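Overview (structure and organization)
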Amino acid sequence: MAATTTPWGDASAILAAAGIEEDTSYYREFTGEDEKAVLTVAMRIQEGWERNDADYFADTFADNGSLLMKDDQLTSREQIREYMKAGFEAQFRGARVRGWPLSVKFLGDDTAMVISQGGILLAGETETAPERQVRVTWVIVKESGGLKLLSHQTSPIKG
């Protein structure tokens, strides 16, 4: 399927509205306007971790968004919110995520897929431990309220 030419929005404006300072180095080689706009979803998720804010994190998802974390398959924004709230109060307190995009593909006028690599840094860490390095598949959709994360799946990188 050919890449869409439908505008996805202005990355700088999306990030400003979300209260995030734009880090243009995050985009790497994905510098097309639509690519940058789609990547703001991942940047918003990173910001949710940075803030340890379950509401901010969950609000990046569609109502019926899906998150696979380890063995936990969450299938709604509210399940994601509750899971992350508990995590930020316990094992993820002070944790952050860092990553970078490997691929951006447009699957239609309102759907994109991003593959990224990164991982969770626990409080005080400056690098992701090998056992927490992951590849992530993101399915991002355009909704009337902006860009939302429909599906987020992590797979561990080992070896």
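Anything mentioned here points back to the structure above.
What comes next concerns the included structure.

About the thresholds
Residues numbered from 1 in each chain as written. Predicted model: local features only at pLDDT ≥ 70, side-chain atom pairs only at ≥ 80, totals over all residues. Heavy atoms only, no water. Phe/Tyr/Trp six-rings, centres within 6.5 Å; stacked < 30°, edge-to-face > 60°. Buried < 20%, exposed > 50% of the residue type's maximum accessible area, 1.4 Å probe, protein only. Helix = DSSP H or I, 4+ residues; strand = E, 2+ residues; numbered from the N terminus. Lys NZ or Arg CZ within 6 Å of the ring centre and 35° of its normal. Expected span 1.5 Å × (residues − 1). Bend = angle between axes of the 7 residues up to and from the residue. Salt bridge = Lys/Arg side-chain N within 4 Å of Asp/Glu carboxyl O.

Brief notes about the packing of aromatic side chains
Inspection of the entire model under this criterion finds five aromatic pairs. Consider the rings of Trp-49 and Phe-57, whose centres lie 6.3 Å apart with planes at 85°: the pair is edge-to-face. Of the two residues, Trp-49 and Phe-57, neither departs from the other in class, the shared state being buried. Taking the centre distance of 5.3 Å and the plane angle of 85° together, the rings of Trp-49 and Phe-88 count as edge-to-face. Placement of Trp-49 in helix α2 (residues 33-51) and of Phe-88 in helix α4 (residues 77-89) is noted, with a sequence separation of 39 residues between them. In terms of burial, Trp-49 and Phe-88 fall into one category: buried. Among the aromatic residues, those joined into a cluster by ring pairs are Trp-49, Phe-57, Phe-61, Phe-88 and Phe-92. Directly above the aromatic system of Tyr-56 lies the positively charged group of Arg-51, at a separation of 4.2 Å from the ring centroid. The lysine or arginine in question, Lys-142, covers the ring of Trp-8, its NZ or CZ lying 5.1 Å from the ring centre.

As for α2
Under the 1.5 Å per step criterion, the end-to-end length of α2 is 27 Å for 19 residues, consistent within 8% with the ideal 27 Å. The largest bend in α2 is about 25°, located at Val-41. Burial runs high along α2: 15 of the 19 residues are buried. Asn-52 sits one or two positions beyond α2 and adopts a positive phi of about 50°.

Some details on the pattern of salt bridges
Applying the stated criterion to the full structure yields eleven salt bridges. Between Lys-85 and Glu-89 there is a salt bridge; the shortest N-O distance is 3.6 Å. In this pair, Lys-85 and Glu-89 are both assigned in helix α4, four residues apart and thus about one turn of the helix distant. Accessibility expressed as a relative area gives 41% for Lys-85, which makes it partly exposed. Of the charged contacts in the structure, one is a salt bridge between Glu-125 and Arg-132, with a shortest N-O distance of 2.3 Å. Its relative accessible area of 18% is what places Arg-132 among the buried residues. Beyond isolated ion pairs, a larger network of salt bridges with shared partners links Asp-55, Asp-59, Glu-78 and Arg-81.

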